[in-house]
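So the chains spell out like this:
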Protein chains: 2
Amino acid sequence: MTEPKKRGAYAKGTAKREQILQQAIEVFGRFGFHATSMREIAKACGLSQAGLLHHFPTKEALLLALVEEREHNQEVSIHHETLPWAEAFYERMLQNMENEALTRLWANLVGEATDRKHPAHEYFLERYAKIREEFAVIMASNSPVTDEDRLRATLLIAIWDGLQTQWLLDDTFDMREPFQYAMKLLSQKPIDR
Amino acid sequence: MTEPKKRGAYAKGTAKREQILQQAIEVFGRFGFHATSMREIAKACGLSQAGLLHHFPTKEALLLALVEEREHNQEVSIHHETLPWAEAFYERMLQNMENEALTRLWANLVGEATDRKHPAHEYFLERYAKIREEFAVIMASNSPVTDEDRLRATLLIAIWDGLQTQWLLDDTFDMREPFQYAMKLLSQKPIDR
DNA sequence: GTCTATATTGAGATAGAC
DNA sequence: GTCTATCTCAATATAGAC
């Protein structure tokens, strides 16, 4: 769903902003946040560095705008109410595979953001806590959420991140089969010992 | 080119080298590879930047030396012959938890090394392929290795990396319980198809 | 082997013209 | 809104003294 076009200079500014965000995902995604200069992103947008800074006053501001953008998009794309959760998650993984640049940016960012002084550290901290709880609710499927559901949600997130790492490192690595195998494992309860 | 004239001089150079590598793990581990300067590492070793460069002529050379060092250490620490694999892996995870700096460096590096032009890219590519096969052999426990074993090995590595990410992001996150839960899941075959 | 001093490069950010 | 020009800072790396 696209928003109605706004008038005049504002519409143009907004469009440019979108274009910059898209390019930023590509370029940050290829080389990482720290290793990418504002000049490179500016060049990819056909702008000078100063021109880019008109839209995003600092590199950090650009990063955070990016992060919010993605946050917003992700929330739109969940439709687990209509599907069993294993299939809903699988669908979402396929979507991620189609946006390699964004996935790459994410993998890269999480690593850096591990540092407590990284500009996106707080964001990631909160985001992981949030999706652990979200996933647990989904996996509990209408029952009250148990600690075991939380454990399985934690593992699903780990598997997700971990498989993405292996894929990003090696183009020929196919996440689909291991992911589906994981869905099967997570659909069962372990046998007690 | 330069040959050690005495055992003494050589030993001192080697000791310094070791000390540098240890400090480098700490400092790179705290701030990541790109975000850490050679000066910071030099300072941690009580050296000037130029003094550090005497031992490792470039930042990249230091990184690669580090990577080989760790490679060497890891190989010594596997003793799965004496334990069921689930317990052997759990032991190894506990070891990793004790060396937070090294784990942090690794998580950080893998993200960056996703880029094909990163100095450590080749290393990580080969390393993941290698441990996938190694883990598959261990998990097959004396039977011939099947594709399903390879799938489970891939998942174990993913879980490992993924849980570490969550831990590094959040000190209060405890990997032990989810890891053990994962070991239970991976010890079973999924029902039906 | 380690230092000081410095060359060189590239980063983020600012000022002000158009 | 975008540019050129420039400031400031910090990085890697080199040269050469001790």
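Residues numbered from 1 in each chain as written. Chains lettered and ligands numbered in written order. Predicted model: local features only at pLDDT ≥ 70, side-chain atom pairs only at ≥ 80, totals over all residues. Heavy atoms only, no water.

1. A word on the protein's contact with DNA strand C
For clarity, the threshold we go by: The criterion for a residue being near a molecule or strand is simple. One of its heavy atoms has to lie within 4 Å of it. Two N or O atoms count as a polar contact when they lie within 3.5 Å, although within protein this holds only if one can serve as hydrogen donor and the other as acceptor, and sequence-adjacent residues are included solely when both atoms are side-chain atoms. Strands here mean DSSP runs of E at least two residues long; helices mean DSSP runs of H or I at least four residues long; both are numbered from the N terminus. Residue classes follow a fixed rule: Ala, Val, Leu, Ile, Met, Phe, Trp, Tyr, Cys and Pro count as nonpolar, while Asp, Glu, Lys and Arg count as charged, and any other residue, Gly among them, counts as polar.
Among the 16 residues in the neighbourhood of DNA strand C, the closest are listed as Met38, Gln49 and Lys59 of chain A together with Ser48 and His55 of chain B. Gln49 of chain A places a polar side-chain atom, nitrogen or oxygen, 2.8 Å from a base nitrogen of DNA strand C. Lys59 of chain A places a polar main-chain atom, nitrogen or oxygen, 3.1 Å from a phosphate oxygen of DNA strand C. Secondary structure elements with two or more residues in the surface near DNA strand C: helix 2 (38-44) and helix 3 (49-55) of chain A together with helix 3 (49-55) of chain B. Element by element, the count of residues in the surface near DNA strand C is highest for helix 3 of chain B, at 4 residues. A per-class count over the surface near DNA strand C returns 5 nonpolar, 9 polar and 2 charged.

2. A look at the interface of chain B and chain A
Where we set the bar: Here, two residues are considered to be in contact whenever any of their heavy atoms come within 4.5 Å of each other. A simple way to read buried area is as the amount of 1.4 Å-probe accessible surface that goes missing from two parts once joined, with both sides added. Only one rule defines a salt bridge in this text: a Lys or Arg side-chain nitrogen within 4 Å of an Asp or Glu carboxyl oxygen.
Each partner contributes to the interface: chain B provides 51 residues, whereas chain A provides 51 residues. For the pair chain B and chain A, the two sides together bury roughly 4,400 Å², of which 65% comes from carbon and sulfur. Here chain B is connected to chain A by 2 salt bridges. Arg116 of chain A is paired through a salt bridge with Asp171 of chain B; the nearest N and O atoms lie 3.2 Å apart. Run the count over chain B and chain A and you get 12 residue pairs in polar contact (both at pLDDT 80 or more). Listing elements by their share of the side of chain B that touches chain A, those giving two or more residues are helix 1 (7-31), helix 6 (100-113), helix 7 (121-140), helix 8 (147-169) and helix 9 (176-187) of chain B. Considering each element in turn, the side of chain B that touches chain A owes the most residues, 15 residues, to helix 8 of chain B.

3. Here's the deal with the environment of Leu155 of chain A
Residue and element names in this part refer to chain A. As a reminder, the rule being used: When a residue's accessible area, from a 1.4 Å probe over protein chains only, is under 20% of the maximum for its type it is buried; when over 50% it is exposed; and in between it is partly exposed.
Within the secondary structure, Leu155 is located in helix 8 (residues 147-169). On the accessibility criterion, Leu155 (1% relative accessible area) is buried. When the C-alpha atoms of Leu155 and Ile20 are compared, they prove to be 35 Å apart, with 135 residues separating the residues in sequence.

4. Considering the protein's contact with DNA strand D
In the vicinity of DNA strand D, 18 residues are found, and the nearest of them are Ser48, Ala50 and His55 of chain A together with Arg39 and Gln49 of chain B. In DNA strand D, the atoms that sit within 4 Å of the protein are 46% sugar and phosphate, with bases accounting for the remainder. The contact in question runs from a phosphate oxygen of DNA strand D to an N or O atom on the backbone of Ser48 of chain A, over 2.7 Å. Between DNA strand D and Met38 of chain B there is a distance of 3.1 Å, counted from a phosphate oxygen to a backbone nitrogen or oxygen. Elements supplying a minimum of two residues to the surface near DNA strand D: helix 3 of chain A together with helix 2 (38-44) and helix 3 of chain B. Top contributing element to the surface near DNA strand D by residue count: helix 3 of chain A, with 4 residues. Each residue belonging to the surface near DNA strand D can be placed in one class, and the counts come to 5 nonpolar, 9 polar and 4 charged.

5. Focus on the domain arrangement of chain A
Residues and elements named next belong to chain A. We count it as follows: These domain limits were set by an automatic method or by a database of domain assignments.
For chain A, the assigned domains are domain 1 (1-66) and domain 2 (77-193). Listed by partner, the interface residues are 13 residues for domain 1 and 10 residues for domain 2. Where domain 1 abuts domain 2, roughly 940 Å² becomes buried across the two surfaces, and 74% of that area is made up of carbon and sulfur atoms. Remark: the boundary between domain 1 and domain 2 carries 0 salt bridges. Inspection of the domain 1/domain 2 interface yields 2 residue pairs in polar contact (both at pLDDT 80 or more). Counting only elements with at least two residues in the side of domain 1 that touches domain 2, the list comes to helix 1 (8-31) and helix 4 (59-76). Per element, the largest residue contribution to the side of domain 1 that touches domain 2 is 6 residues, and it comes from helix 1. Its residues placed into classes, the side of domain 1 that touches domain 2 shows 7 nonpolar, 3 polar and 3 charged.

6. Description of the nonpolar core
One broad trend across soluble globular proteins is that nonpolar side chains are buried collectively. As a reminder of what qualifies: Among the buried residues, those of types Ala, Val, Leu, Ile, Met, Phe, Trp, Tyr and Cys that are joined through side-chain atoms within 4.5 Å form a nonpolar core.
Among the nonpolar cores identified, the biggest contains 117 residues, and Phe89 and Phe124 of chain A together with Phe89 and Phe124 of chain B are the most heavily contacted of them. If we ignore the near neighbours within four places in the chain, the residues touching Phe124 of chain A are Trp106, Leu109, Val110 and Ala113 of chain A together with Leu169 of chain B.

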